[in-house]
Amino acid sequence: MLSGPPSLFLRSITRVLAVVVVFFLLQQYLYLRKSVSVSQGALKPDVQSCDSLKGLEDFFVILRTGATEAPKKLPVHFSTTLRCVPNYALYSDYEEDIEGHHIYNALDEVNPDIIATHPNFEYYRRLQEGGRDAFTAEELAHWASAKNTNGGRDSPGWRLDKWKFLPLAEKALLTKPDAKWYIFIESDTYMLWQNLLEWLSHFDSSKPHYLGMQMQIGDVIFAYGGAGFAISNPALKKVVEHRRANLKFYDDFTGGHWAGDCVLGKALANSGVNLMWSFPTLAGGMPADMNFNASFGGQDKKPWCFYAASYHHLPPSEYPNFAKFEQSWNQENAFRLRHRDVFRFYIIPRISSEHDAWDNLSDVDQTEVHSFGDCRRTCESQSDCLQFSFSGDSCKTSTAIRLGHKASGDAMHVKSGWIVNRIQDYTERMDASCGNKDWILP
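As a starting point, this report considers the structure included with it. (Residues numbered from 1 in each chain as written. Predicted model: local features only at pLDDT ≥ 70, side-chain atom pairs only at ≥ 80, totals over all residues. Heavy atoms only, no water.)

### Quick word on the sheet that holds strand β2 (residues 88–92)
Neighbouring strands of a sheet are bound in pairs by backbone hydrogen bonds; such pairs are parallel or else antiparallel. Here eight strands make up an open sheet; going across it, the order is β3-β4-β2-β1-β7-β12-β9-β13 and the pairing mixed. Whereas interior strands pair on both sides, the edge strands pair on one side only; in this sheet they are β3 (96–98) and β13 (276–277). One ladder, built from four bridges, connects strand β7 (residues 181–186) with strand β12 (residues 229–232); its direction is antiparallel. When the sheet's bridge partners are listed, I183 is paired in β12 with A230. (Pairing = 2+ DSSP bridges. Helix = DSSP H or I, 4+ residues; strand = E, 2+ residues; numbered from the N terminus.)

Written out as structure tokens, the structure reads:
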């Protein structure tokens, strides 16, 4: 009896099974590579996980937020990033209490003439008079959806935010004058305190230090606020004294600028304290969106190899998951969490062969590709391609691996895929590039 070629159905089943087997083997490989497992079960009592953070009492943490985002973004911090922090203060453009925690007004000592007349403060004046009820639902929705531009985010709360940085430097020093380190964070910054403590132990806090993820506007190099930044006590004293002696200059400079972290960076530089470039120890992206092979800090400072002390842009829903992951790691491992560990054990378990309504941030356009299957085959034909996405008639590929995020709005029709049988080779190549890299140090 003659037999014909396998049916299309059988070939499809075979292909799916092959992908499943490869992905299963990859997960087993990653599991066996790990010397001590990270439990996803219940954590030990909170007090035990805080006891290991010796030296955190020497920090004063300043969390900066705004009235339109505070009710949504702050509460999760009380059970995650701020849970073990003994000394911190919350600052906004509106004084209030949220879940029993007091939020101070960062702008209450700005020159009254500026508050009364500067266009940036129109929003602030309305806010102080009527609270959030002063704004219509349409206004709040419009500001929440505002896009980032070359001059910052196009919303009145964002334009007001630049005025907070220098006043907060002074408020921090007055509130906790004996702190060794002042850690400035935002409402979507996640700090890994155990790693930060170990990193800062390499620095003499009695000397002026300004540490953060480097950014530049014009001729000013400054620490990016979203990644968090650290200023030692002597450095903060220098910039506060310098600003007091040049108050009008910095009020005028702030009024004409658009980024408050840049304003603070200029004041620090003018007071004799320059930034130590600290990426990727301090990072400005969230784990799901990061390219762990990025050369932003230079070819020898790719995130993969280095310990991680901060991430940014985490949505509130992500904090409990990542906090649980970090705490489990610290309880069960003697070595600190690196970016590559986050990739292996937090990101990879969430990656599958394909995902509907998902954008994995692939960024290289491919032409003459008209289906998701063709997009996959295009990626597979390129030896360095690791992932792809397809939307409408647009195929994009990438040589980096990112998880990305759920697509929404007009992007709902995006579908993403990964070449899972290449991930193991990718991680081995990345490991081989590391050598003895660990912390960013002078």
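Read on for the rest.
### Digging into the state of the cysteines
What makes a disulfide is a covalent bond joining the sulfur atoms belonging to two cysteines. Taken as a whole and judged by the stated rule, the model has four disulfides. The partner cysteine of C375 in its disulfide is C395, sulfur to sulfur 2.1 Å. Sign of the S-S torsion, about 80 degrees for the bond between C375 and C395, identifies this disulfide as right-handed. Of this pair, C375 sits in helix α15 (residues 372–380) while C395 sits in strand β19 (residues 394–398), placing them 20 residues apart in sequence. Across this residue pair, the class does not change: C375 and C395 are buried. The connectivity of the disulfide bonds within the chain can be written as 1-2, 3-8, 4-7, 5-6, using the sequence rank of each bonded cysteine. (Disulfide = S-S within 2.5 Å. Buried < 20%, exposed > 50% of the residue type's maximum accessible area, 1.4 Å probe, protein only.)

### Some thoughts on the packing of aromatic side chains
Counted under the stated rule, the structure contains 30 aromatic pairs. Here the aromatic rings of F60 and Y182 are separated by 6.4 Å at their centres, their planes lie at 85 degrees, and the arrangement is edge-to-face. Here Y182 lies in strand β7 and F60 lies in strand β1 (residues 59–64), a separation of 122 residues in the sequence. A relative accessible area of 0% means that Y182 is categorised as buried. (Phe/Tyr/Trp six-rings, centres within 6.5 Å; stacked < 30°, edge-to-face > 60°.)

### Topic: the sheet that holds β19
Reading across the sheet, the five strands line up as β15-β21-β18-β19-β17 and stay open at both edges, with antiparallel pairing between neighbours. Edge strands, defined here as strands with exactly one partner in the open sheet, are β15 (354–355) and β17 (364–366). The sheet strands contacting α15 are β15, β17, β18 (387–391), β19 and β21 (415–418), and the helix crosses β18 at an angle near 155 degrees. (Contact = heavy atoms within 4.5 Å. Axes fitted to C-alpha atoms, helices over the stretch in contact; angles between N-to-C directions.)

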